[in-house]
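Each chain is listed here by its residues.
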Amino acid sequence: MPILYFIYHKNLTETIVDSVGQKDNRESIKKWLLRTIILKPFGRSGDAVLARMRRVFIKDFKQGSEKYFDSTIDTFPLDDIEKEANYRGDMNEEFLEDIIWNSRKNSPETFAILSLLYPHLDYKNNNFHIDHLHPESAYKAYKRLNEKRGLEVWEYRYYDSLPNLQMLDANENMSKNAMPLQEWVEKQCSNDKKGFLERHLIPDVDLSLESFNDFCEARKDLLVQKLKSILC
């Protein structure tokens, strides 16, 4: 609703999608939408939250006023909407850890988070894939390894959650295919392993399947810190 409200009152229906002059608005709208998928501000009191958000678009808001939009607003007011609706304060490390562990590959939250973490990919042309770092096909081998060693076996839902997921360019993902993570990193990193790991948000730890649990804990910590810098 805030997106439609802004586009309608700014008369942007014909320009918002493709106009070069609307690039900043497209970026702000996209960022706000992804953040709402993650932060879930509406809940059971959605109408009340929308009413608070509407105040941002109306200077000196008064109930029953005939003034529906502040004409001085030119850029989609992402920050003001979030401040007025007052839902940023719900976010802390515990919240982020919970959503990281519980967001599985095909969930809207996973797409939203990965889109914020990997903003450089071509989302307009759908040229991206959500990829398992340790390949999905290796889960049975992971189970056998840990059972044989008498170690904890993480359920598949953890294997399929954000600590083991990344967003890749479609061609890069097809090239990676089911390659073990350790082999893929060594093959791709060339002479700059540190830079490669940072670009792909991969912790500098043992990347073998035997160390999957430790890898996921380390990557969870890395993702929490990165998301804090983006969302807070």
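What comes next is a walk through the structure. (Residues numbered from 1 in each chain as written. Predicted model: local features only at pLDDT ≥ 70, side-chain atom pairs only at ≥ 80, totals over all residues. Heavy atoms only, no water.)

For the structure on display, the rule yields 21 aromatic pairs. An angle of 40° between the planes, with centres 5.8 Å apart, marks the rings of tyrosine 139 and tyrosine 142 as tilted. Of this pair, tyrosine 139 and tyrosine 142 both sit in helix H7 (residues 139–149), three residues apart, which is roughly one turn of the helix. Judged on exposure class, the residue tyrosine 139 and its partner tyrosine 142 are both buried. By way of ring pairs, the aromatic residues Trp101, Tyr139, Tyr142, Trp154, Tyr156, Tyr158, Tyr159 and Phe212 are connected into one cluster. One residue, lysine 176, lies across the ring of tryptophan 184, its end atom 5.5 Å from the ring centre. (Phe/Tyr/Trp six-rings, centres within 6.5 Å; stacked < 30°, edge-to-face > 60°. Helix = DSSP H or I, 4+ residues; strand = E, 2+ residues; numbered from the N terminus. Buried < 20%, exposed > 50% of the residue type's maximum accessible area, 1.4 Å probe, protein only. Lys NZ or Arg CZ within 6 Å of the ring centre and 35° of its normal.)

The next subject is the packing of helix H1 (residues 2–9) against helix H2 (residues 23–39). Two quantities define a packed helix pair, namely the angle between the axes and the distance from one axis to the other. Direction vectors running N to C along H1 and H2 enclose 160°, while the axes themselves pass 11 Å from each other. By the angle between their axes, H1 is roughly antiparallel relative to H2. Classified by chirality, the crossing of H2 by H1 is right-handed. Taken together, the residues of H2 that come into contact with H1 (itself represented by Pro2, Ile3 and Phe6) are Asn25, Ile29, Trp32 and Leu33. (Axes fitted to C-alpha atoms, helices over the stretch in contact; angles between N-to-C directions. Parallel < 35°, antiparallel > 145°, perpendicular 65-115°, else oblique. Left-handed = near helix turned anticlockwise from the far one by under 90°. Contact = heavy atoms within 4.5 Å.)

Glancing now at the side chain of histidine 134. Mapped onto the fold, histidine 134 is located in the loop between strand E1 (128–132) and H7. Beyond its immediate chain neighbours, meaning those up to four positions away, histidine 134 contacts Tyr159, Asn164, Leu181, Leu207, Ser208, Leu209, Phe212 and Phe215.

It is worth spelling out unusual backbone geometry at this point. Of note in the backbone geometry, asparagine 11 takes a positive phi value of approximately 55° without being a glycine. Among the structural elements, asparagine 11 can be located in the loop between H1 and H2. Phi is positive for lysine 40, which is not a glycine, with a value near 50°. Looking at where lysine 40 falls in the secondary structure, it is placed in the loop between H2 and helix H3 (46–56).

With that settled, consider the layout of surface pockets. Its volume calculated, the largest pocket comes out at about 600 Å³. Looking at the largest pocket, it is lined by 18 residues, and the ones nearest its centre are Arg26, Glu27, Lys30, Tyr123 and Lys124. Those elements that place two or more of their residues in the lining of the largest pocket are H1 and H2. Of the residues forming the lining of the largest pocket, the biggest block, seven residues, is contributed by H2. Across the lining of the largest pocket, the residue classes break down as 11 nonpolar, no polar and seven charged. (1 Å grid on protein atoms, 1.4 Å probe; cavity = no way out; pocket = protein on both sides within 12 Å on 5 of 7 lines; lining within 4 Å. Points joined across faces, edges and corners; volume = space filled by probe spheres on them. Nonpolar A, V, L, I, M, F, W, Y, C, P; charged D, E, K, R; others polar.)

Glancing now at the pairing of strand E2 (residues 165–169). For a regular strand, side-chain orientation follows a simple rule: the groups alternate between the two sheet faces. Most of E2 is tucked away, with four of its five residues classed as buried. Judged from the five bridges that link them, E1 and E2 form a sheet pairing that is antiparallel. From the neighbouring strand, histidine 132 faces E2, where its bridge partner is leucine 165. (Pairing = 2+ DSSP bridges.)

Moving on to the packing of H2 against helix H4 (residues 78–85). It is the contact of H2 with H4, at a shortest axis distance of 10 Å, that shows an interaxial angle of 30°. Judged by the inter-axis angle, H2 sits roughly parallel to H4. Facing H2, whose interface residues are Ser28, Lys31, Trp32, Arg35 and Leu39, H4 presents Leu78, Ile81 and Glu82. Residues that form the contact of H2 with H4 fall into these classes: four nonpolar, one polar and three charged.

Everything listed is a geometric property; what it means functionally is a separate question.
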